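Structural overview
The primary structure of each chain is shown beneath.
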Amino acid sequence: MINISINNQALEVKAGKTILQVAKKAGLPIPTICHLPGLESRSVCRICSVEVEGHNKLLPACSTVVEENMQIQTQSTKTVNARKVLMEFIIAEHGGIETLNTQVREYASQLGVNSARFYLHDQKLKDCNRYSSDYIQLAQEKCIHCDRCIRACRDSHIINRSHRGSASLLTFGEGDSLLDDTACSSCGDCVPVCPTGAIYSDR
Amino acid sequence: MQAEIKKQCFSVASFYESAESSYVKEKQIIKIEGRNVSSFEAYSKEESFNQLKNIINNKISNTEVLESIYNSGLCGCGGSHIPLLKKWQAAIPFKPEYLVVNGLEGEPYTYKDYFIMLHYPQLLIEGLAISCRLLEINEVYLIVNSAYKLAYENLSKVVSENTNLLKNINIHVLYGPDPDLYIVGEETALLNYIEGKRGEPRLKPPYPHEKGLWNKSTIINNVETLSWIPLLLKSPERFKNKHPKLVTLSGDVKLPGIYEVDMGDSLERIIHKAEAEDLSFIEVGGISGGLIPKKLINVNYDVNGLSKLGLHVGSGTIRLFNNTRDPLLEMSKSAEFFKEESCGRCTPCRVGTQELLKFSQQLLDSNETDESISWLHSVSETMQQTSTCGLGKAASVPVITYLKHFRNL
Ligand code: SF4
Ligand code: SF4
Ligand code: FES
């Protein structure tokens, strides 16, 4: 067991746990989007950012392991401001708030963010949706690159991010393969994990 | 081996695919001239490997070498400016297995590593061989920018001509990906590239010295950093109360090229030698660096001095602009660059860089409002606070320094 504090409250917690895990146990929930228990953490969305004494940058609660004497703030102004901006980024990239899943919309409303100044999604991205299969379909322009589908897939080579920057895309297999030409077994594991409906199945 | 790595890499979706590369062309046409690089010029070909031989023949002990490096205060020249020994010391408890030498030099308008690899390849190989002995490492990956064909050949030649001196070290001299792939120069992205994965940065911790290449402890050093080692052993006096460093000066100047400077000297003195014409403003630290007007050139060129102006040394890139240029336009080019070059991994950077570009477009159209300026500051703060790697953390520096120094905002 190690000693830490969260929001100035002293706690004794199990070593080896993440800030997210111990905060949840202490009844101090932290919003998460890309994190999904059971999948390896990638910490890409950063909505779980927290402030830790001695670090000049915010740290992702979902992958940062607690250390002895860590002093954590989960609701400081700095943290909340960053989350607000990031939530607006998510809405901007997704192209609106209505079609985000309930959980994300709830976090957005807790943060008081319900729209974005700019909507960024590029209609050109839609061209790439044709690579999906009959069973699993892609609405690329809604994707927020949380990487959940990539991690949920049993085969790490089937769903990939390709290109970069504002042109980042989800693609299948090597380069621009059709999903049908990959080892995809249509198990559908990638579908329910998606918070945006960007990967979906209408079967 | 090389072909294998490339093949694996290219198969990772089309990340490594890129359009006609203006950048390669530019890197090839710019003349790489050394000017006032006295430490390098003073090192003759005949002296090559003398320092390494002294170590092999026990004329100087490992402890003495370490002391010399310590006394020199040599710092990482790739942009970190962390004392080299500090970096090494952190790795020792993990028993480092690999040394990765980063010769990608992806920062536009930066050619100092090219200069060394092209003209002084033996210095780099000697420096890395000394490092390997000190660190008890026998596997080295030296990754060279794939536009640097001649440098690659020169390095390979030095390695093959000195197999005797290098006999316990396995040196893989490999080309990097398409040089347009700026992000692969980030150290953990480079590790992914070598492993044949998509060149995205990794989450830290674990740091490369804890879990690096193939999960083994790995030290990553810049070309220039290691090349200084034989020089500081030969001429310790050059480092007495001084920190020499190479910079690339370019832009509207008569004498563009690579200059050896003393860190802490005034920027004014440093750029003087390049003979700027009608100087109006300066970009310090490369494309992720900041812009300052001419009136601020009195600043000390080192980490502390520059940080007061919101700038960083970066990889020693300085560009000078004359009075026909527009800082706003230069800043917008940086914003455009980052929007393209973000690896796309994390939300703050992938989306933030697009917001920065939208904002610079507003400035170009004179459409900015108090609200959009304050939003821009929040975006910048969030990118700095939450981006995974240095690209996202630094991407807003050009716009922030522009607002500060040219608009008082
Ligand atoms: S498709 Fe869905 S799950 Fe996959 S990265 Fe995009 S938003 Fe995340
Ligand atoms: S900060 Fe930018 S470049 Fe770095 S990992 Fe995140 S998205 Fe990629
Ligand atoms: S939930 Fe932690 S970074 Fe996304």
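Residues numbered from 1 in each chain as written. Chains lettered and ligands numbered in written order. Predicted model: local features only at pLDDT ≥ 70, side-chain atom pairs only at ≥ 80, totals over all residues. Heavy atoms only, no water.

1. Thoughts on the nonpolar core
Convention followed: For this analysis, a nonpolar core means a set of buried residues of the types Ala, Val, Leu, Ile, Met, Phe, Trp, Tyr and Cys, connected via side-chain atoms within 4.5 Å. Note on classification: 1.4 Å probe, protein chains only; a residue is buried when its accessible area is under 20% of the maximum for its type, exposed when over 50%, partly exposed between these limits. Strands are runs of DSSP state E lasting at least 2 residues, helices are runs of H or I lasting at least 4, and numbering of each runs from the N terminus.
Counting 67 residues, the largest nonpolar core has I33(A), M87(A), V100(B), Y141(B), I143(B), L190(B) and I194(B) as its most contacted members. In terms of residue count, helix α2 (residues 77-94) of chain A provides more of this core than any other element does, eight residues in total. If you look at the next biggest cluster of nonpolar residues, it comprises 59 residues, including L123(B), L135(B), Y175(B) and L232(B).

2. Structural notes on the interface of chain A and chain B
For the record, the criterion: Note on contacts: a residue pair is in contact if any heavy atoms of the two residues lie within 4.5 Å. Once two parts are brought into contact, the accessible area they lose, counted with a 1.4 Å probe and summed over both, makes up the buried area. In what follows, salt bridge is the name for a side-chain nitrogen of Lys or Arg lying within 4 Å of a carboxyl oxygen of Asp or Glu. Each polar contact in these results corresponds to two N or O atoms within 3.5 Å; when the atoms are within protein, one needs to be able to donate a hydrogen and the other to accept it, and residues that are neighboring in sequence are counted only if both atoms are side-chain atoms. Nonpolar residues are Ala, Val, Leu, Ile, Met, Phe, Trp, Tyr, Cys and Pro. Charged residues are Asp, Glu, Lys and Arg, and all others, Gly as well, are polar.
Listed as interface residues are 39 residues of chain A and, on the opposing side, 38 residues of chain B. Buried area between chain A and chain B, summed over both chains or domains, comes out near 3300 Å², and the portion from carbon and sulfur atoms is 55%. Area buried by chain A at its contact with chain B is led by F89(A), F118(A) and R164(A), which between them contribute 23% of it. The tally of links from chain A across to chain B stands at four salt bridges. A salt bridge links R117(A) to E371(B), with the shortest nitrogen-to-oxygen separation between them at 2.9 Å. Remark: the boundary between chain A and chain B carries 16 residue pairs in polar contact (both at pLDDT 80 or more). Elements supplying a minimum of two residues to the side of chain A that touches chain B: α2 and β7 (159-162) of chain A. Per element, the largest residue contribution to the side of chain A that touches chain B is 10 residues, and it comes from α2(A). Residue classes in the side of chain A that touches chain B are distributed as 13 nonpolar, 15 polar and 11 charged.

3. Considerations on the pattern of salt bridges
All names here are of chain B. Inspection of every chain in the model, using the stated rule, returns 29 salt bridges over all chains. The shortest N-O distance in the salt bridge between D262 and R238 comes to 2.9 Å. Residue D262 is located in strand β7 (residues 257-262), and its partner R238 is located in the loop between α11 (223-234) and β6 (244-251); the two are separated by 24 residues in the primary sequence. With a shortest N-O distance of 3.2 Å, K333 and E330 are connected by a salt bridge. With K333 and E330 both in helix α14 (residues 327-341), this residue pair falls three residues apart, about one helical turn. Given the relative accessible area of 47%, K333 is considered partly exposed. E330 sits in the buried class, given a relative accessible area of 7%.

4. Points about the packing of aromatic side chains
Under the convention used in this document: Put simply, two rings from Phe, Tyr or Trp (the six-membered ring, in Trp's case) pair if the centres are within 6.5 Å, and we call them stacked under 30 degrees between planes, edge-to-face over 60, tilted for the rest. Working rule: Lys NZ or Arg CZ, within 6 Å of ring centre, within 35 degrees of ring normal, means a charge sits over the ring.
Enumeration over the complete set of coordinates arrives at 17 aromatic pairs over all chains. Ring geometry for F337(B) against F338(B): centres 5.4 Å apart, planes inclined by 80°, an arrangement best described as edge-to-face. The exposure classification of F337(B) matches that of F338(B), with both residues buried. The structure contains a cluster of three or more aromatic residues connected by ring pairs, namely F40(B), F115(B), Y120(B), W228(B) and F239(B). Here the guanidinium or amino end of R117(A) rests over the ring plane of W375(B), the centre of that ring lying 3.8 Å away.

5. Points about the sheet that holds strand β2 (residues 9-13) of chain A
What links the strands of a sheet is backbone hydrogen bonding, and the strands pair in either a parallel or an antiparallel sense. All names here are of chain A. Note the cut-off: Any two strands between which DSSP finds at least two bridges are classified as paired. Structural elements are reduced to axes, namely lines fitted to C-alpha atoms, with helices fitted over the stretch in contact, and the angle between N-to-C directions of any two is expressed from 0 to 180 degrees.
Sheet architecture is open: five strands sit in the order β2-β1-β5-β3-β4, paired in mixed fashion. The sheet is open, and its two borders are formed by β2 and β4 (59-60), each paired with just one other strand. Where strand β3 (residues 49-52) lies against strand β5 (residues 71-73), two bridges are found, and the strand directions are antiparallel. Of the residues in β5, the one forming a bridge with V52 is I72. Along the sheet face, α2 touches β3 and β5 and points at about 160° away from the line of β3.

6. What about the site of ligand 2?
Our working rule: One heavy atom within 4 Å of a molecule or strand makes the whole residue count as near it.
Taken together, the neighbourhood of ligand 2 is formed by 13 residues, with C343(B), R345(B), C346(B), C349(B) and C389(B) sitting nearest. Per-class residue counts for the shell around ligand 2 are seven nonpolar, five polar and one charged.

7. Some points on the site of ligand 1
As a matter of local geometry, ligand 1 sits amid 13 residues, with C143(A), C146(A), C149(A), C194(A) and T196(A) nearest to it. Here the residues of the shell around ligand 1 sort into nine nonpolar, two polar and two charged.

8. Quick look at the sheet that holds strand β5 (residues 218-222) of chain B
All names here are of chain B. Taking strand neighbours across the sheet as the criterion, the four strands line up as β4-β3-β2-β5 in an open arrangement whose pairing is parallel. Bordering the open sheet on either side are β4 (170-175) and β5, each of which pairs with just one other strand. Each adjacent strand pair in this sheet contributes to an overall mean axis angle of 20°, direction not counted. Strands in contact with helix α9 (residues 149-161) are β3 (139-144) and β4; relative to β4, the strand with the most contacts, it is inclined by about 165°.

9. A short note on the side chain of S168(A)
When you line up the elements, S168(A) lands in the loop between β7 and β8 (169-172). Overall, the relative accessible area of 4% leaves S168(A) in the buried class. Residue contacts for S168(A): discarding those within four places in its chain leaves L125(A), H145(A), R161(A), S162(A), H163(A), C343(B), G344(B) and R350(B).

10. Concerning the pairing of β6(B)
Residues and elements named next belong to chain B. Taking burial as the measure, the eight residues of β6 include seven buried ones, the bulk of the element. Here β6 folds back onto β7 in antiparallel fashion, the turn holding five residues. With four bridges connecting them, β6 and strand β10 (residues 317-322) associate as parallel partners. Opposite G251, over in β10, you have L320 as the bridge partner.

These figures come from the coordinates and say nothing about function on their own.
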